[in-house]
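Geometric and topological summary
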Amino acid sequence: MRIEDSGLVMPLRPDVTTVGRGRGVDVRLDDPSVSQLHAEIVRRGPYIYVVDMGLSRNGTRVNGRPIARRVLEDGDVVSFGTARCRLGGIPREEVDPDVELRRAVAPELTRREVDVLTSLCRPALSDEAFVAPATARDIAGELVVTEAAVKQHLLRLYQKFRIPEGANRRTRLANEVIAMGLVRPLPPVHVPQGRPPMDGRVPGVRGTTETRRAGTGHGHVNGPNRAAPSAAGRRAS
């Protein structure tokens, strides 16, 4: 991994390489936009992927795209905050770079929880750099509910996705949801206040138990118990 600012080349460890501004990391980046423990670069057989730790407002990007975790290819530019690094020497494999590694199972979600997650993640999936997830107030305004109700939904979602207490909890939840493939960037849908979309779809949501049962997915459904296999798993099969 070559740090573009200094030109320093750092070899990756055989298993996990930690990246951040703290003294205990493997690759130390002296940049105020980088958190103490910002990300991990993980080796799994011939595959290498980067995992954002969700502890920084500035996030991690691959070739300019915000990610939670993503398979890397030779020559990819990974930005930790504003610090840019280029990866080299990665074996050429038939890996779809748009496929992110996902955990096996997503929790059961109610329709309102899906609405909250969609609102939460929409800013993070925009093309703008360094955008934090929506606040509880922003979500309340979009869904036309009280901020207290949104906070109650977020508390339940933290429990369902096992997001521990601590700083940047909303960011960590958004990263986990994006990594599972439960939301994706779609143009915002403008609906008259108080009226749901005519076909019942939730923009940007890949699916939940309730939308599957109602038959309203229309191509956006990717149910929580049917997460996509990792790139390594597909090759092995």
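Residues numbered from 1 in each chain as written. Predicted model: local features only at pLDDT ≥ 70, side-chain atom pairs only at ≥ 80, totals over all residues. Heavy atoms only, no water.

Counting its secondary structure elements, the protein contains 6 helices and 10 strands. For the protein, the share of sequence-separated contacts (at least 6 apart) that also reach a separation of at least 24 residues comes to 48%. Of the roughly 12,600 Å² of accessible surface on the protein, a fraction of 50% belongs to carbon and sulfur atoms. (Helix = DSSP H or I, 4+ residues; strand = E, 2+ residues; numbered from the N terminus. Contact = heavy atoms within 4.5 Å. Areas by Shrake-Rupley, 256 points an atom, 1.4 Å probe, with all protein chains shown as cover.)

This part takes up helix α2 (residues 136-143). The periodicity of an α-helix, 3.6 residues per turn, causes residues three or four positions apart to be oriented the same way. Of the positions making up α2, those classed as buried are Ala-136, Ile-139, Ala-140 and Leu-143. Projection of α2 onto a plane perpendicular to its axis shows the buried side chains occupying an angular sector of 100°, all on one side. Projecting away from the buried face of α2 at angles above 90 degrees are the exposed residues Arg-137 and Gly-141. Those residues of α2 that are buried are in contact with α1 (111-121) and α3 (147-160). One or two residues past the end of α2 sits Val-144, with phi positive at roughly 60°. (Buried < 20%, exposed > 50% of the residue type's maximum accessible area, 1.4 Å probe, protein only. Arc of directions from axis to C-beta.)

Next up on the list: the sheet that holds strand β8 (residues 69-71). Taken in spatial order, the 5 strands line up as β3-β2-β4-β5-β8 in an open sheet, and their pairing is mixed. Two strands lie at the open edges of the sheet, namely β3 (27-28) and β8, each paired on one side alone. As paired strands, strand β5 (residues 47-52) and β8 are joined by 3 bridges and run antiparallel to one another. What sits directly across from Val-51, in β8, is Arg-69. (Pairing = 2+ DSSP bridges.)

Taken together, the 5 strands give an open sheet; going across it, the order is β1-β10-β9-β6-β7, and neighbouring strands pair in antiparallel fashion. Strand pairing shows two members of the sheet lacking a second neighbour, β1 (2-3) and β7 (65-67), which therefore form its edges. By the bridge criterion, 3 bridges tie strand β6 (residues 60-62) to strand β9 (residues 77-80) in an arrangement that is antiparallel. Bridge assignment links Val-62 to a residue of β9, and that residue is Val-78.

On to α1. In terms of residue burial, α1 counts as a mostly covered element, since 9 of its 11 residues are buried. When α1 is considered as a whole, its buried residues turn out to be Glu-113, Val-114, Asp-115, Val-116, Leu-117, Thr-118, Ser-119, Leu-120 and Cys-121.

This brings us to the packing of α1 against α3. For any two helices packed against each other, one specifies the inter-axial angle together with the distance between the axes. In the contact formed by α1 and α3, the axes pass within 10 Å of each other and the chain directions differ by 90°. Here α3 runs roughly perpendicular to α1, going by the angle between their axes. Residues Arg-112, Glu-113, Val-116 and Leu-117 of α1 pack against His-153, Leu-154, Arg-156, Leu-157 and Lys-160 of α3. Of the residues that constitute the contact of α1 with α3, the class distribution is 4 nonpolar, 1 polar and 4 charged. (Axes fitted to C-alpha atoms, helices over the stretch in contact; angles between N-to-C directions. Parallel < 35°, antiparallel > 145°, perpendicular 65-115°, else oblique. Nonpolar A, V, L, I, M, F, W, Y, C, P; charged D, E, K, R; others polar.)

A regular strand carries its side chains on alternate faces of the sheet. Strand direction decides the pairing type here: strand β2 (residues 16-20) and strand β4 (residues 39-44), joined by 4 bridges, are antiparallel. For Val-19, the partnering residue across the bridge sits in β4 and is Ala-39.

Attention shifts here to unusual backbone geometry. Within the chain, Asn-63 stands out as a residue other than glycine whose phi angle is a positive 55°. Residue placement: Asn-63 occurs in the loop between β6 and β7. With a phi angle near 60°, Arg-162 is a residue other than glycine that sits in the positive phi range. Relative to the helices and strands, Arg-162 resides in the loop between α3 and α4 (169-179). Take Arg-162: its relative accessible area is 76%, and that puts it in the exposed class.

With respect to the element layout, Tyr-49 can be found in strand β5. Look at Tyr-49 and you get buried, because its relative accessible area is 13%. Spatially, the C-alpha atom of Tyr-49 lies 4.1 Å from that of Val-71, the residues being 22 residues apart in sequence.

Another aspect to go through is the confidence of the model for the protein. Taken over all residues, the pLDDT of the protein has a mean of 75, while the share at 70 or more is 66%. Low confidence marks residues 100-104, where pLDDT is under 50. Its contacts with residues over four positions away, or in another chain, come to 23 contacts. The low-confidence segment residues 196-237, where pLDDT is below 50, has 81 contacts with residues more than four positions distant or belonging to other chains. (pLDDT = per-residue confidence, 0-100.)

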